[in-house]
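# Summary of structural features
Here are the chains, one letter per residue:
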Amino acid sequence: MKPVIDYTLYLVTDRDLMSTGTLVEAVEAACAGGVTLVQLREKHVTREEYETIARDVKRICDAYDVPLIINDSPEVAVAVGAAGVHVGQEDLEASRVRDIVGPDAIVGVSAASVAEARAAQAASADYLGVGAITPTATKPEAGVLTIDELREIVDCVDIPVVAIGGVNAQTIPSLAGLGLAGYSVVSAIIAAPDIETASHELRELIDEGERA
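We now turn to the structure provided with this report. None of these values were measured; they are calculated from a predicted model. (Residues numbered from 1 in each chain as written. Predicted model: local features only at pLDDT ≥ 70, side-chain atom pairs only at ≥ 80, totals over all residues. Heavy atoms only, no water.)

Membership of the largest hydrophobic core comes to 73 residues, with the highest contact counts inside it found for Val38, Leu40, Ile70, Leu128, Leu180 and Ile189. Ignoring sequence-local partners within four residues, the contact set of Leu40 consists of Thr13, Leu23, Tyr50, Ile53, Ala54, Val57, Leu68, Ile69, Ile70 and Asn71. (Core = buried A, V, L, I, M, F, W, Y, C linked by side-chain atoms within 4.5 Å. Buried < 20%, exposed > 50% of the residue type's maximum accessible area, 1.4 Å probe, protein only. Contact = heavy atoms within 4.5 Å.)

Structural data, given as structure tokens:
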């Protein structure tokens, strides 16, 4: 059975940006502050190192009952018992990822167009990460979507859509009312001087928007 995922405030890690001494400290502070999902993103480590880091992060996530998603590596996700995996358009195709992780894991796919969104859903993706919303230093190569383009993508699929790329306290209010399942945040949390407070404030901002 697939885990129930709350995409409301979705942290994506980046050790180059984190304000804490260790990644475990950063993730624990974010979980304490109210993030609902964590994606571990490690681009420059070996498979063995990735597994070791993932196990350490998963212990923290489990303590806070926050699911862990592994970026790019379905093999690592399976090895550590993560909730699922997230892949981009240049990574392994979603249907192949599904073959590796099985029917009960969560598979997320990055999408930046209606065509990519529909293809990902057809390939058994469980959710989409859609963006970028504004230019972002973490993925400078990503194109920026208009609000109308984002709305079209949300409307064209039946799976949850999470906004990615440049999501922060200034941009979240502009995305209200689009039917998004949540917001994927990197630097606005991981680079904040006080990660727990930053997470708490973003969570409150999102919750206020939903109540409005």
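Attention shifts here to the pattern of salt bridges. Summed over all chains, the structure comprises eleven salt bridges. The salt bridge involving Lys43 is made with Asp72; its shortest N-O contact spans 2.2 Å. With a gap of 29 residues between them, Lys43 in the loop between strand E2 (37-40) and helix H2 (47-63) and Asp72 in the loop between strand E3 (68-71) and helix H3 (74-80) connect regions that are remote in the sequence. Residue classification places Lys43 among the partly exposed residues on the basis of a relative accessible area of 41%. Connected via shared salt-bridge partners are Lys2, Arg98 and Asp126. (Salt bridge = Lys/Arg side-chain N within 4 Å of Asp/Glu carboxyl O. Helix = DSSP H or I, 4+ residues; strand = E, 2+ residues; numbered from the N terminus.)

This part takes up the packing of aromatic side chains. On inspection of all chains with the given rule, the structure shows two aromatic pairs. Ring plane angle 45° and centroid distance 4.9 Å describe the contact between Tyr7 and Tyr127, whose orientation is recorded as tilted. Note that Tyr7 is positioned in the segment before strand E1 (9-12) and Tyr127 in strand E6 (residues 127-131), a separation of 120 residues in sequence. Using a relative accessible area of 7% as the deciding quantity, one classes Tyr7 as buried. What makes Tyr127 buried here is its relative accessible area of 1%. Consider the rings of Tyr10 and Tyr127, whose centres lie 5.9 Å apart with planes at 65°: the pair is edge-to-face. Of this pair, Tyr10 sits in strand E1 while Tyr127 sits in strand E6, placing them 117 residues apart in sequence. Both residues of the pair, Tyr10 and Tyr127, belong to the buried class. Ring-pair connections join several aromatic residues into one group, and the members of that group are Tyr7, Tyr10 and Tyr127. (Phe/Tyr/Trp six-rings, centres within 6.5 Å; stacked < 30°, edge-to-face > 60°.)

Here the focus is the sheet that holds strand E5 (residues 106-111). If you trace the eight strands once around the closed barrel, you get E1-E2-E3-E4-E5-E6-E7-E8, paired in parallel fashion. Taken pair by pair, the neighbouring strands of this sheet meet at an average axis angle of 25°, ignoring direction. Bridging between E5 and E6 involves four bridges; their strand directions are parallel. Bridge pairing in E6 places Ala111 opposite Val130. Running over the sheet, H2 touches E2 and E3 and is turned about 160° from E3. (Pairing = 2+ DSSP bridges. Axes fitted to C-alpha atoms, helices over the stretch in contact; angles between N-to-C directions.)

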